[in-house]
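Examining the three-dimensional arrangement
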Amino acid sequence: MGHGTNRVEDMASPNNGTTAPATANARETIVEIHSVCLPPKKTAFQKLKKRFGDVFFPDDPLERFRNQTWRNRVILGLQSLFPIFTWGSQYDLKLLRSDVVSGLTIASLAIPQGISYAKLANLPPIVGLYSSFVPPLIYSVLGSSKHLAVGPVSIASLVMGSMLSESVSPTQDSILYLKLAFTSTFFAGLFQASLGLLRLGFVIDFLSKPTLIGFTAGAAVIVSLQQLKGLLGIVHFTGKMQFIPVMSSVFSHRSEWSWETILMGLGFLAILLTTRHISMRKPKLFWISAASPLASVVISTLLVFLIRNKTHAISFIGHLPKGLNPPSSNMLYFSGTHLALAIKTGIITGILSLTEGIAVGRTFASLKNYQVNGNKEMMAIGFMNMAGSCTSCYVTTGSFSRSAVNYNAGAKTAVSNIVMASAVLVTLLFLMPLFYYTPNLILAAIILTAVIGLIDYQAAYKLWKVDKFDFFTCMCSFFGVLLVSVPLGLAIAVGVSVLKILLHVTRPNTLEFGNIQGTQIYQSVKRYREASRIPGFLILAVESPIYFANSTYLQERILRWTREEEARIKENNGSTLKCIILDMTAVSSIDTNGIEALFELRRRLEKQSLQLVLVNPVGSVMEKLHKSKIIESLGLSGLYLTVGEAVADLSSTWKAHGQP
């Protein structure tokens, strides 16, 4: 497409969105017309290889192995599989001191939270402590984050508890419920590890930020309402997770309310919220909120022990078995009527815990300017959950609250998780009898304090200001969880997010461009007041790929643009429309449906004596247009590198032929 140099007239004027007069401020300039080149030739295998690498290996994980000796490759391979080998050789006493302090600090938070979150999942409290021992040890070897503190989390606990309890009673059929919990954990880990091994992490991107904001807020409200059972001392409470049944159960069992439980529960809740507020206002005092849950457990346990003979209104945990995690591989449930439920619960809790864990890890990595490998994190979290399912643990991941405490306490490496696990080990072996009189109300208060921070109203308000559709997605997720159910609420929000994607895909944006006076820049006439239309031209831009899902729509939309422009010209007695310029700079790809649509568009425009011109197609699009012969049908003056060159060359051609 080698055009020569042409002498043309620059006919742009400063009229706002109106046609520039052909004779106004005309001045002669020299514009060089550049050819539009084809990309370098590649075989089909080369294209497939590049595409495969871009999709599944954007980080090029094998780059560091190139030009290395076999010994170095083995060392790099071990470091890649086990990140502990990366920093282990440089580990010293100074780092150990920092990790011991942070590890003991997060242990003081992990022990009461582990017991509380297990209750939230309708599991025995001891399972929460088991889940705070084995998974952190495995993550410290496989994980790439220095600050992620691993253990049970509220959202995954709530989802597992709500999904399993819909089909199996945790009280009447406790053994089957426990089997399903461990099996769900196994499938969660299998799903997570598979995503990492197959490098399919983009799957979790379907849980958009608005979806997660609404989901976590809705789940936080449900979790908070469920804690009214412990704070009010209610014995007979609904097992449902929806807002209306929970509130109905609260007020229909008013006769069971215990003033002693309410008084003590609200008192400790106020203390926990106050310490949380202090630590948020002054991050250097992080240790206050970190230590307050364990301190509250100790104090409340002593109080209940002292008044045990005077009142029986305050319920407590009771006996907790001492000892290490018992093996549970024999309890995994791989056949039977409830297998589908275990798989579904595992996948949903796996996605949620994976999203939270990776997001938390990347948050603190960015603060310390180091990289967290998403695929390695998926494998680490997946393998630790698979191992956990065989050692009486349920779904675990990186907790934001514990990780924040770990970060503020000065953690340097994943050894802080080993220290935390060691503290939990001591508790399991020697301290379990001390939790006998721990009241359920303090567990409810700890959970309430933890989940309140999940209600991010400021983020929801920002969504409202920035993107109304994202806010709508957030509200669908929030009210879906609150009024329907936890899994269905999540499904509704994901469905709305997918609908948004489909709308963007099937109904892409098109713009009309005009020239900014004195430049070769062409921009939207609606966005830039100084951009003016060029007589005889309709300049349009498409802001998406062109393929089967939107090709028909784009064809009809461009024809509508043409009709509207002709009507405007007729109304204003302007110059006759001669050419439609299609700026394809933002068209990243095109398929056969898109090419056929361009053929059909050119044919229909020709019937109206209008010329179709394409501008700046990217390499892959240019290659397909060339192979489809559409370039030949457009002719020598049908393809240009820039809009400015197209307008200049065509205008000079019309002038040379005596056309107005």
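An unreviewed UniProt entry lists the protein chain under the name STAS domain-containing protein, with Brassica campestris as the source organism. Taken from UniProt, the Subcellular location (unreviewed entry) comment for the protein chain reads in full: "Membrane".

Close contact between helix α12 (residues 259–281) and helix α18 (residues 440–452) brings their axes to 9 Å; oriented N to C, the two are set at 35°. For the pair α12 and α18, the sense of crossing is right-handed. Together, Thr261, Met264, Gly265, Phe268, Leu269, Leu272, Leu273 and Arg276 of α12 and Leu441, Ile442, Ala445, Ile446, Leu448, Thr449 and Ile452 of α18 make up the contact between the two elements. Looking at the contact of α12 with α18 residue by residue, the classes come out as 11 nonpolar, 3 polar and 1 charged.

This part is about the UniProt feature "domain: STAS" (unreviewed entry) in the protein chain. When the UniProt feature table is mapped onto this chain numbering, "domain: STAS" (unreviewed entry) sits at residues 527–650. Within residues 527–650, the helical portion is 48% and the strand portion 16%, while the C-alpha atoms at the span's ends are 26 Å from each other.

Scanning the entire structure with this criterion turns up 11 salt bridges. Between Arg604 and Glu556 there is a salt bridge whose closest N-O contact spans 3.4 Å. Here the residue Arg604 occupies a position in helix α23 (residues 592–607), and Glu556 occupies one in helix α22 (residues 551–572), the gap between them amounting to 48 residues. Overall, the relative accessible area of 38% leaves Glu556 in the partly exposed class. Two residues, Arg560 and Glu564, come together in a salt bridge whose shortest N-O distance is 2.9 Å. One end of the pair is Arg560 and the other is Glu564, both in helix α22 and 4 residues apart, which spans about a single turn. Look at Glu564 and you get partly exposed, because its relative accessible area is 35%. One connected set of salt bridges, linked through shared partners, spans Glu512, Arg533, Glu565 and Arg568.

Where nonpolar side chains cluster on the molecular surface, the patch consists of Phe243, Ile244, Phe479, Leu483, Val484, Leu488 and Ile492 and spans about 620 Å² of accessible area. Listed by contribution, the elements that provide at least two residues to the nonpolar patch are α11 (243–252), α20 (468–484) and α21 (486–506). Considering each element in turn, the nonpolar patch owes the most residues, 3 residues, to α20. Structurally, Phe243 is set in helix α11. For Phe243, a relative accessible area of 31% corresponds to the partly exposed category.

Here we take up unusual backbone geometry. Within the chain, Asn369 stands out as a residue other than glycine whose phi angle is a positive 60°. Relative to the helices and strands, Asn369 resides in the loop between α14 (339–367) and α15 (374–389). Judged by its relative accessible area of 72%, Asn369 is exposed. Phi is positive for Asn616, which is not a glycine, with a value near 50°. Checked against the element boundaries, Asn616 lands in the loop between β10 (611–615) and α24 (619–627). Judged by relative accessible area, which is 25%, Asn616 ranks as partly exposed.

Burial analysis of strand β5 (residues 510–516) places 6 of its 7 residues in the buried class, the great majority of the element. Bridge analysis of β5 against strand β8 (residues 537–542) gives 4 bridges, and the strand direction is antiparallel. Bridge pairing in β8 links Phe513 to Ile539. As judged from the 3 bridges shared by β5 and strand β6 (residues 522–524), these two strands associate in the antiparallel manner. Bridging across to β6, Asn515 finds its partner in Tyr522. Linkage of β5 to β6, two consecutive antiparallel strands, is achieved through a turn of 5 residues, within which Gly518 is found at a positive phi near 80°.

We now examine the layout of surface pockets. Roughly 1,100 Å³ of volume is contained in the second largest pocket. In terms of lining, the second largest pocket is formed by 37 residues, of which the most central are Lys119, Asn122, Thr171, Gln226 and Lys229. Elements with a minimum of two residues in the lining of the second largest pocket: α4 (93–120), α7 (154–165), α10 (228–232) and α18. In terms of residue class, the lining of the second largest pocket is built from 17 nonpolar, 16 polar and 4 charged.

For the rest of this paragraph, the subject is the packing of aromatic side chains. For the structure on display, the rule yields 17 aromatic pairs. Ring plane angle 50° and centroid distance 5.1 Å describe the contact between Phe316 and Tyr437, whose orientation is recorded as tilted. You can see Phe316 sitting in the loop between α13 (286–306) and α14 and its partner Tyr437 sitting in the loop between α17 (415–431) and α18, a full 121 residues away along the chain. Pairwise contacts between aromatic rings join Phe305, Phe316, Tyr436 and Tyr437 into one cluster.

Thresholds, definitions, all that
- Residues numbered from 1 in each chain as written.
- Predicted model: local features only at pLDDT ≥ 70, side-chain atom pairs only at ≥ 80, totals over all residues.
- Heavy atoms only, no water.
- UniProt positions renumbered as here; feature names shortened; annotations may be inferred.
- Axes fitted to C-alpha atoms, helices over the stretch in contact; angles between N-to-C directions.
- Helix = DSSP H or I, 4+ residues; strand = E, 2+ residues; numbered from the N terminus.
- Left-handed = near helix turned anticlockwise from the far one by under 90°.
- Contact = heavy atoms within 4.5 Å.
- Nonpolar A, V, L, I, M, F, W, Y, C, P; charged D, E, K, R; others polar.
- Salt bridge = Lys/Arg side-chain N within 4 Å of Asp/Glu carboxyl O.
- Buried < 20%, exposed > 50% of the residue type's maximum accessible area, 1.4 Å probe, protein only.
- Patch = residues over 30% accessible without salt bridge, like charges linked within 9 Å, V, L, I, M, F, W, Y side chains within 5 Å.
- Areas by Shrake-Rupley, 256 points an atom, 1.4 Å probe, with all protein chains shown as cover.
- Pairing = 2+ DSSP bridges.
- 1 Å grid on protein atoms, 1.4 Å probe; cavity = no way out; pocket = protein on both sides within 12 Å on 5 of 7 lines; lining within 4 Å.
- Points joined across faces, edges and corners; volume = space filled by probe spheres on them.
- Phe/Tyr/Trp six-rings, centres within 6.5 Å; stacked < 30°, edge-to-face > 60°.

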